[in-house]
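What follows is the residue order along each chain.
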Amino acid sequence: MKIHVYVTLKAGVLDPQGKAIHHALEGLGFAGVNDVRAGRFIELDVADSVSDADLDAMCAKLLANTVIENYRIVRP
Amino acid sequence: MKTAVIVFPGSNCDRDMAVALEAATGTAPAMVWHRESALPGGTDFIALPGGFSYGDYLRSGAMAARSPVMDAVRAAAKRGVPVLGVCNGFQVLTEAGLLPGALMRNAGLNFVCRRVGLTVANNQSLFTSGYAAGEAIRVPVAHHDGNYFADAATLDRLEGEGRVAFRYTESVNGSARDIAGVLNNAGNVLGMMPHPERAAEPAHGNLDGARLFAATLGALVG
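Residues numbered from 1 in each chain as written. Chains lettered and ligands numbered in written order. Predicted model: local features only at pLDDT ≥ 70, side-chain atom pairs only at ≥ 80, totals over all residues.

Visitor: Tell me about the nonpolar core, and please be specific about residues and values.
Guide: Across soluble globular proteins, you tend to see nonpolar side chains buried next to one another. Counting residues in each nonpolar core, the largest one holds 72 residues, and the members touching the most others are V5, I6 and A165 of chain B. Beyond its immediate sequence surroundings of up to four residues, V5 of chain B is in contact with D14, M17, A18, L21, P29, M31, V32, A47 and P49 of chain B. (Core = buried A, V, L, I, M, F, W, Y, C linked by C-beta atoms within 7 Å. Buried ≥ 20, exposed ≤ 12 C-beta atoms within 10 Å, placed from the backbone. Contact = placed C-beta atoms within 7 Å.)

Visitor: Describe the interface of chain A and chain B, and please don't skip the residues or the numbers.
Guide: Interface size is often expressed as the accessible area that is lost when the parts come together. Listed per partner, the contact involves eight residues of chain A and eleven residues of chain B. The dominant element in the side of chain A that touches chain B, judged by the number of residues it contributes, is helix α1 (residues 16-27) of chain A, at three residues. When grouped by side-chain class, the residues that make up the side of chain A that touches chain B number six nonpolar, two polar and no charged. (Helix = DSSP H or I, 4+ residues; strand = E, 2+ residues; numbered from the N terminus. Nonpolar A, V, L, I, M, F, W, Y, C, P; charged D, E, K, R; others polar.)

Visitor: Explain the sheet that holds strand β10 (residues 179-183) of chain B to me, using residue names and the numbers behind them.
Guide: Residue and element names in this part refer to chain B. Read from one edge to the other, the open sheet built from nine strands follows the order β2-β1-β3-β4-β11-β10-β9-β6-β7, with strand pairing classed as mixed. The open sheet terminates on both sides in strands that have one partner only, identified here as β2 (30-33) and β7 (136-143). Across this sheet, the average inter-strand angle for adjacent strands is 25°, counted without regard to direction. Note that strand β4 (residues 83-86) and strand β11 (residues 189-192) share four bridges and pair parallel. (Pairing = 2+ DSSP bridges. Axes fitted to C-alpha atoms, helices over the stretch in contact; angles between N-to-C directions.)

Visitor: Account for helix α3 (residues 88-95) of chain B, naming residues and giving values.
Guide: Residues and elements named next belong to chain B. Counting buried positions along α3 gives eight out of eight residues, so the element sits mostly inside the fold. Here α3 has its buried residues at N88, G89, F90, Q91, V92, L93, T94 and E95. Contact partners of the buried residues in α3: β3 (45-48), β4, β5 (102-104) and β11. Downstream of α3 by a residue or two, G97 has a phi angle that is positive, lying close to 80°.

Visitor: Which residues make up the sheet that holds strand β3 (residues 69-74) of chain A, and what are the values?
Guide: Residue and element names in this part refer to chain A. Strand order in the open sheet made by the three strands is β2-β1-β3, with antiparallel pairing throughout. In the strand order of this sheet, the two ends are held by β2 (40-45) and β3, each with one partner. Averaged over all pairs of adjacent strands, the angle between their axes in this sheet comes to 20°, without regard to strand direction. Relative to β3, strand β1 (residues 2-9) runs antiparallel, the two sharing six bridges. Each bridged residue has a counterpart across the sheet, and for V5 the counterpart in β3 is I73. Contacting β1, β2 and β3, helix α2 (residues 52-63) crosses the sheet at an angle of about 150° to β3.

Visitor: Report on the environment of G18 of chain A, specifying residues and quantitative values.
Guide: Residues and elements named next belong to chain A. With respect to the element layout, G18 can be found in helix α1. Residue classification places G18 among the partly exposed positions, given that 15 C-beta atoms sit within 10 Å. Spatially, the C-alpha atom of G18 lies 18 Å from that of V67, the residues being 49 residues apart in sequence. Every residue in contact with G18, bar those within four places of it in the chain, is listed here: V36, R37 and A38.

Visitor: Tell me about the packing of helix α1 (residues 14-25) of chain B against helix α5 (residues 210-221) of chain B, and name the residues and values.
Guide: All names here are of chain B. Axis separation between α1 and α5 bottoms out at 9 Å; the angle between their running directions is 55°. By the criterion of interaxial angle, the relationship of α1 to α5 is oblique. α1 and α5 meet at a crossing whose hand is right-handed. On α5, the residues touching A20, L21, A24 and T25 of α1 are F213, A214 and L217. Tallied by class, residues from the contact of α1 with α5 come to six nonpolar, one polar and no charged. (Parallel < 35°, antiparallel > 145°, perpendicular 65-115°, else oblique. Left-handed = near helix turned anticlockwise from the far one by under 90°.)

Visitor: Tell me what's going on with the pairing of strand β1 (residues 3-7) of chain B, and back it up with residues and numbers.
Guide: Residues and elements named next belong to chain B. Of all five residues in β1, five are buried; the element is thus mostly enclosed. Burial of β1 is two-sided: the residues T3, V5 and V7 facing one way and the residues A4 and I6 facing the other way are all buried. In this sheet, β3 lies alongside β1 in parallel orientation, the contact comprising three bridges. Across the sheet, residue A4 finds its bridge partner in β3, namely I46. Bridging between β1 and β2 involves four bridges; their strand directions are parallel. The partner of V5 across the bridge, within β2, is M31. Handedness of the crossover is the feature at issue here: the chain leaves β1, passes through α1, returns alongside β2, and the resulting connection is right-handed. (Right-handed = clockwise from strand over helix to strand, strands pointing away.)

Here it is as structure tokens:
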């Protein structure tokens with residue numbers, strides 16, 4: 001089973017990479033972009049026996065740093 | 001005096017750290033591979049060196065912080081054994097939960113590699129007792145992810161408890177409140193982005209870092 005994990009910076013945490021992407025988009029002439037936040041997308045291929053609690057623990061222990069990041073688990 | 005340097009795949013300041021420790025103690029440290037589950041018996045001081053453990057994959061220090069040896073480091077820190085993390089070692093300590101906060105991409109996005117000015121914000125700790133309070137020193141940095149972040153309440157607590165060891169005196173990486181090094185609550189764990197082991201012998205052109213090792217390890221010898 002393919003599991004999608006989205007790791008994003010918490011609100012209020014400055015994102016220098018997002019800012020640089022934003023500047024680059026403006027440099028390409030794209031107007032109307034208000035803000036850019038960059039995150040990470042991780043795809044896990046797991047056995048059906050892997051529980052929601054296991055997935056949550058994977059995110060909390062390694063995939064995200066919960067000091068600065070939120071995570072969202074999506075079972076397609 | 002038994003010291004240990006933890007070596008991760010991708011560590012690249014481990015030998016510099018070993019040279020600095022040997023200069024301060026007269027004895028070469030044990031080099032402990034990250035797969036070990038125990039430290040040599042009687043280890044008095046642990047150093048986590050700089051580098052790019054696991055290629056900085058996922059987040060700087062994230063994978064190294066979950067290495068088998070880190071359970072032993074965590075247990076030693078809890079017993080009061082001094083732990084010094086420099087650069088990637090600082091990142092590992094925050095990822096391991098031994099220090100608060102996180103080290104994010106430098107605000108200017110550039111890898112910063114130069115000697116920078118610091119002030120000694122707290123000279124009452126084991127690690128900083130060789131400096132005068134508020135003393136200005138110069139120590140090299142070399143990092144891409146040194147932008148210290150913690151929420152405002154944590155920063156207030158760190159400052160209120162004297163747990164900011166060093167601050168930058170110039171714009172380096174966007175760190176919150178110019179923090180360059182922080183201590184844990186008990187004062188036996190220090191993480192810092194600047195490299196004291198690169199300011200530790202005359203050929204480096206600067207001995208400000210050697211004073212950290214001399215004071216820390218001298219105090220441990222008693």
